[in-house]
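As a plain string of letters, each chain reads:
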Amino acid sequence: MNGVSPARRREVIDALRRGAVPSAGLDLFAVGLDRFAAAVGEDLETVAAGGSVFKAVRGEYGSGKTFFTRWIAERAKRTNLAAAEVQISENETPLHKLETVYRRLTEHLTTATFPPSALRSVVDGWFYALEEDVLAAGGVPPDDAAALDRAVGTLLDQRLAVVSRSAPAFAAALRGYRTASLNGDPATADAVLAWLSGQPHVAASARRVAGVRGDLDHFAALSFLQGLLAVLRDSGHPGLLLVLDEVETLQRVRSDARDKALNALRQLIDEVHSGRFPGLYLIITGTPAFYEGPQGVQRLAPLAQRLAVDFTTDPRFDNPRAVQIRLPGFTVDSLVELGGRVRDLYANGCTAPDRVHRLVDDAYLGELAKAVAGGLGGKVGVAPRLFLKKLVGEVLDRVDQFPEFDPRQHYALTLSATEMSDIERNASRADEISLDLEETNRS
């Protein structure tokens, strides 16, 4: 923990204080993920070499699916891959409308250097790389702007030849963006880039400049994803990690939309395995009910067949290389380990590190973990977010700032419905129902 920069430490601690998953620094307290490290490393090497990988992540609510995929994203960006996390939802991002998924992808695209949306930076870097390749070939004088522009256009067509066979509009939009940029028309360039990223309702005047029509549709979205991967590769990013999070929300949509979404997912998986998307690492996350229940994967037999893995065996021997992997979820012991890492990270940047270590020892962390889990119906797997939020914001901050504060004497855990997620609230209500039944039985 001593090698962590103050800015990185502050970013992580601030996120935990808010009850959020940090956007970076997850390797600092990745508990229980060592078993997946080798397989994830192999997948990233495959993708960086031009292959493609699909993985389904399975875990109950609170088991750390979002944490796990963001941990992979950090590792991906360290190898210069780009990454994007898309939350699947009925209204905002329905899976059966792949044009919407593509749009969210571009909105959340990030690299090790650029935050979301990194699309403009990636495209600008791509055109710079094309210019450098043209000049390196030696056939165009550096001071002949017109000849350079023509040569870049020719190279653009060559690099996107495969994509253009199914979606010529992708290359056309890139040419339109470059033309508008070189002509000093940033408004048109912005509009064309918005159209390229799948945004609807782009001005007709901008679309005319690029020579494209209408909005991106479901069928062109996969071809645009191909194009984006090609642009990423030529601009120095050998691949893309795309996470489709909370896919289990499909279970709550209308049956016709659900069937379309499941079929779209099957299509995506087949396209990944066919090699259509070199450099794509596609991950979906979902609950066991989504993979096993009648309203999820099992509703579409071909999809269920593709994702089938036997989880009746001893979890200790789960195969991290399988198409579907399960996260084990938290126990009190693993919560204590997690809390210890956060405490140590906090102590290295606070004003009273000795007091923090003395008063917030592992024994106290165990007491707090059991208290939080107890307030959530004993469901330890749901507890990590609130546990860390309470640990940082209500214990560590006070120990650091007030010399007379002792959490064992001066702090009593409270959990209010307003600070809980729906899942946490349901778990706490289950505990209340259990207590009510006990009182009834005694009377």
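Criteria and cut-off values
Residues numbered from 1 in each chain as written. Predicted model: local features only at pLDDT ≥ 70, side-chain atom pairs only at ≥ 80, totals over all residues. Heavy atoms only, no water. Buried < 20%, exposed > 50% of the residue type's maximum accessible area, 1.4 Å probe, protein only. Helix = DSSP H or I, 4+ residues; strand = E, 2+ residues; numbered from the N terminus. Pairing = 2+ DSSP bridges. Contact = heavy atoms within 4.5 Å. Axes fitted to C-alpha atoms, helices over the stretch in contact; angles between N-to-C directions. Polar contact = N/O pair within 3.5 Å; in protein donor to acceptor, adjacent residues only side chain to side chain. Right-handed = clockwise from strand over helix to strand, strands pointing away. Salt bridge = Lys/Arg side-chain N within 4 Å of Asp/Glu carboxyl O.

Engineer: Residue-level account of the pairing of strand 2 (residues 82–87), with values.
Structural biologist: The buried count for strand 2 comes to five of six residues, which makes it a mostly enclosed element. As paired strands, strand 2 and strand 3 (residues 240–245) are joined by six bridges and run parallel to one another. Bridge pairing in strand 3 places Q87 opposite D245.

Engineer: So, the side chain of Q226: which residues are in play, and what are the values?
Structural biologist: Within the element layout of this structure, Q226 appears in helix 11 (residues 218–234). Since its relative accessible area comes to 13%, Q226 is described here as buried. Other than its neighbours up to four places away in sequence, Q226 contacts V162, V163, S166, R276 and F277.

Engineer: So, the sheet that holds strand 2: which residues are in play, and what are the values?
Structural biologist: The five strands are arranged 2-3-4-1-5 in an open sheet whose pairing can be described as parallel. Of all strands in the sheet, those bounded by a partner on one side alone are strand 2 and strand 5 (324–326). Across the sheet, the axes of successive neighbouring strands diverge by a mean angle of 20°, strand direction being ignored. Note that strand 1 (residues 53–58) and strand 5 share three bridges and pair parallel. If you follow V57 over to strand 5, its bridge partner there is I325. Contacts from helix 11 reach strand 2, strand 3 and strand 4 (280–286) within the one sheet, and its direction differs from that of strand 3 by about 140°.

Engineer: Break down the side chain of D43 for me, with residues and values.
Structural biologist: Topologically, D43 is positioned in helix 2 (residues 34–48). With a relative accessible area of 13%, D43 lands in the buried category. Reaching out from D43, the side chain makes a polar contact with the side chain of Y281 at a distance of 2.9 Å. For D43, the contacting residues outside a window of four places in its chain are V53, K55 and Y281.

Engineer: Lay out the pairing of strand 4 with the relevant residues and their values.
Structural biologist: Of all the seven residues making up strand 4, seven are buried; the element is thus mostly covered by neighbouring parts of the structure. As paired strands, strand 3 and strand 4 are joined by five bridges and run parallel to one another. The partner of L242 across the bridge, within strand 4, is L282. As for the winding sense of the linkage, the β-α-β connection from strand 3 through helix 12 (residues 255–274) to strand 4 is right-handed.

Engineer: I'd like to hear about the pattern of salt bridges, residue by residue, with values.
Structural biologist: Here the structure, examined in full by the defined rule, presents 30 salt bridges. Of the charged contacts, one joins D314 and R316 as a salt bridge, the two residues approaching to 2.8 Å between their closest N and O atoms. The exposure class assigned to R316 is exposed, which follows from its relative accessible area of 61%. Close ionic contact of R326 with D318 constitutes a salt bridge, the shortest N to O distance being 2.5 Å. Across the pair, exposure class does not vary: R326 and D318 are buried alike.

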